[in-house]
There are 2 protein chains.
Amino acid sequence: MGTKAGTDTEQITDEDLITCWGLFHEALSETTPLLLQGIAPCGKDMSGPWFEVLLRLQRSPHHRLPMSQLAREVSLSSGGFTKLADRLERNGYLVRQACALDRRVTYATLTKKGLDLAEQARTKHVALLREYVLAPLGERGVRALAEQARKLRDNSRHAREELGKG
Amino acid sequence: MGTKAGTDTEQITDEDLITCWGLFHEALSETTPLLLQGIAPCGKDMSGPWFEVLLRLQRSPHHRLPMSQLAREVSLSSGGFTKLADRLERNGYLVRQACALDRRVTYATLTKKGLDLAEQARTKHVALLREYVLAPLGERGVRALAEQARKLRDNSRHAREELGKG
DNA sequence: CACCATTAGTTATCTAAGAAGATATTTGTG
DNA sequence: CACAAATATCTTCTTAGATAACTAATGGTG
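Residues numbered from 1 in each chain as written. Chains lettered and ligands numbered in written order. Predicted model: local features only at pLDDT ≥ 70, side-chain atom pairs only at ≥ 80, totals over all residues.

As recorded in an unreviewed UniProt entry, chain A goes by Regulatory protein MarR and comes from Thermobifida fusca TM51.

(A) Geometry of the overall build of chain A. Of the regular secondary structure elements, chain A holds five helices and three strands. Put simply, chain A runs from its N terminus to its C terminus through helices and strands in the order α-α-β-α-α-β-β-α. For chain A, whose C-alpha radius of gyration is 20 Å, the value lies well above the compact-globule estimate of 15 Å for 166 residues. Overall size of chain A, expressed as C-alpha extent along the three principal axes, is 65 × 45 × 25 Å. Taken over 166 residues, chain A has a buried fraction of 30%. Considering only contacts in chain A between residues 6 or more positions apart, those separated by 24 or more positions represent 45%. (Helix = DSSP H or I, 4+ residues; strand = E, 2+ residues; numbered from the N terminus. Rg over C-alpha atoms; globule rule 2.2 N^0.38 Å. Buried ≥ 20, exposed ≤ 12 C-beta atoms within 10 Å, placed from the backbone. Contact = placed C-beta atoms within 7 Å.)

(B) Fine view of the relation of the copies chain A and chain B. Between the two copies, chain A and chain B, the superposition gives an RMSD of 0.1 Å; the rotation angle is 180 degrees and the shift along the axis is 0.0 Å. A rotation of that kind, with that shift, is consistent with a two-fold axis. Of the C-alpha atoms belonging to chain A, the one lying closest to the rotation axis is found on Leu145 of chain A, 3.0 Å away. Interface residue correspondence from chain A to chain B reaches 95%, placing this contact among same-surface, isologous pairings. (Least-squares fit on C-alpha atoms with pLDDT ≥ 70 in both.)

(C) How the structure looks around the protein's contact with DNA strand D. What surrounds DNA strand D is a group of 22 residues, the closest being Met67, Ser68 and Gly79 of chain A together with Gly79 and Gly80 of chain B. Elements that contribute at least two residues to the surface near DNA strand D include exactly helix 3 (67-73) and helix 4 (78-90) of chain A together with helix 4 (78-90) of chain B. A per-element tally of the surface near DNA strand D places helix 4 of chain B first, with five residues. (Near = placed C-beta within 6 Å.)

(D) View of the pairing of strand 3 (residues 106-110) of chain A. Residues and elements named next belong to chain A. Examined bridge by bridge, strand 1 (residues 64-66) and strand 3 share three bridges and lie antiparallel to one another. Residue pairing in the sheet places Leu65 in a bridge with Ala108 of strand 3. Alignment of strand 2 (residues 94-98) against strand 3, held across five bridges, turns out to be antiparallel. By the bridge assignment for strand 3, Leu94 is matched with Leu110. (Pairing = 2+ DSSP bridges.)

(E) Structural view of the protein's contact with DNA strand C. With respect to spatial proximity, 22 residues lie near DNA strand C, and among them Gly79 and Gly80 of chain A together with Met67, Ser68 and Gly79 of chain B are the closest. Of all the elements in the fold, those that place two or more residues in the surface near DNA strand C are helix 4 of chain A together with helix 3 (67-73) and helix 4 of chain B. At five residues, the largest contribution of residues to the surface near DNA strand C is made by helix 4 of chain A. Of the residues contributing to the surface near DNA strand C, the split by class is seven nonpolar, eight polar and seven charged. (Nonpolar A, V, L, I, M, F, W, Y, C, P; charged D, E, K, R; others polar.)

(F) Main features of the sheet that holds strand 1 (residues 64-66) of chain B. All names here are of chain B. If you walk across this open sheet you meet the three strands as 1-3-2, and the pairing is antiparallel. What marks the edges here is a single partner per strand, and that holds for strand 1 and strand 2 (94-98). Mean inter-strand twist for the sheet, computed between neighbouring axes without regard to direction, equals 30 degrees. Running over the sheet, helix 4 touches strand 2 and strand 3 (106-110) and is turned about 115 degrees from strand 2. (Axes fitted to C-alpha atoms, helices over the stretch in contact; angles between N-to-C directions.)

(G) Spatial organisation of the interface of chain A and chain B. The interface of chain A with chain B comprises 44 residues on the first partner and 45 residues on the second. Elements that contribute at least two residues to the side of chain A that touches chain B include exactly helix 1 (14-35) and helix 5 (112-165) of chain A. Sorting elements by how many residues they give to the side of chain A that touches chain B places helix 5 of chain A first, with 26 residues. A per-class count over the side of chain A that touches chain B returns 25 nonpolar, nine polar and ten charged.

(H) Focus on the nonpolar core. The biggest cluster of nonpolar side chains holds 34 residues, and the ones touching the most others in it are Leu129, Val133 and Val142 of chain A together with Leu17 and Cys20 of chain B. Elements represented by at least two residues in this core include exactly helix 1 and helix 5 of chain A together with helix 1 (14-35) and helix 5 (112-165) of chain B. At eleven residues, the largest contribution of residues to this core is made by helix 5 of chain A. Non-local contacts of Cys20 of chain B, meaning those with residues more than four positions away in its chain, are made with Val142, Leu145 and Ala146 of chain A. (Core = buried A, V, L, I, M, F, W, Y, C linked by C-beta atoms within 7 Å.)

(I) Expanded view of helix 2 (residues 48-58) of chain B. Within the span of helix 2 of chain B, buried status applies to Trp50, Phe51, Val53, Leu54 and Leu57 of chain B. Relative to the axis of helix 2 of chain B, the buried residues are bounded by an arc of 165 degrees and lie together on one face. (Arc of directions from axis to C-beta.)

(J) Fine view of the confidence of the model for chain A. Residues and elements named next belong to chain A. Confidence in the prediction for chain A averages 92 pLDDT; 93% of positions are at 70 or higher. For the stretch residues 1-7, pLDDT sits under 50, and the model shows seven contacts to residues farther than four places along the chain or on other chains. Taken over the whole predicted complex, pTM reads 0.89, whereas the ipTM for its chain interfaces reads 0.88. (pLDDT = per-residue confidence, 0-100.)

Written out as structure tokens, the structure is:
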């Protein structure tokens, strides 16, 4: 970025901003595939959405969540999530369960097979995070990244809610 | 939970790492749509890949680049990029040009209409970056984010090249 | 020069996901 | 209670992009 080492009042240019955002993007798209390596339900690396679903169900009570909540958490439309759940169910990793209290909702529930895969995936994923995120950034870097990302996420989420209302 | 690995950078737990990575992901997916607001070739917000292509062509000499290079830069497969170029060409934003020196290559070249859109898009995008990235993070935060993202990108890119060889 | 590996681009086929619409259930209000 | 609005899920249709097979051009190497 700024090549002039100088005062802390140095302005951020348009180029700096575009570069920063580009780096953010590229970091994610270069690193993501590394973090799913070798988590292999079908011989290939696991897909991002599968991993997200398994991980969230694994850490939920009873290993289950309502379809709609899960869809929201993994940022899919309801229609899109229906089909993701179909695929996972077809492969034996989850089952749908009716909810007794509210008959509109369907729980997505991990099977034993799904839970096993989720735990294996999580362990492997964490090891890869240490190798490909913690190692290059260091503890300080990881915390700095998390801090900025959190600010960004919260601000953007809030902004989108405001826009949604208007 | 944390695996103690002996180096001095090991106060970070598994949870911390998963959280950090989740934040990174969420920040990107929450913020991205905000940054393409109102850049509207067809009444809707512009798609990410369109914007990337237009921006890169706009800042290239003669507003053109070889198809394959552009595909790589926007992280699309060659087949996928062919169709993206088809769409942009069908909408009048670019044209294909044969290269005289190497008759395998085709240049994707911005039209006047494409250049106009690119410049409008860039201006708007930068304004949105200031509003949704610079404002919440501050200069210091933007620089911190860029620094960590760059380390991550470079390290991951290098790692993937190594893996590709093996 | 002849041959083979590499690179650029297109085409066909397949999958993932969004959008819109349909149905069923629940909730809130008079 | 009756009825309108909201919510949860699924279905159909369409599109974006990955993969793989194919053509054409280039560059080495014997």
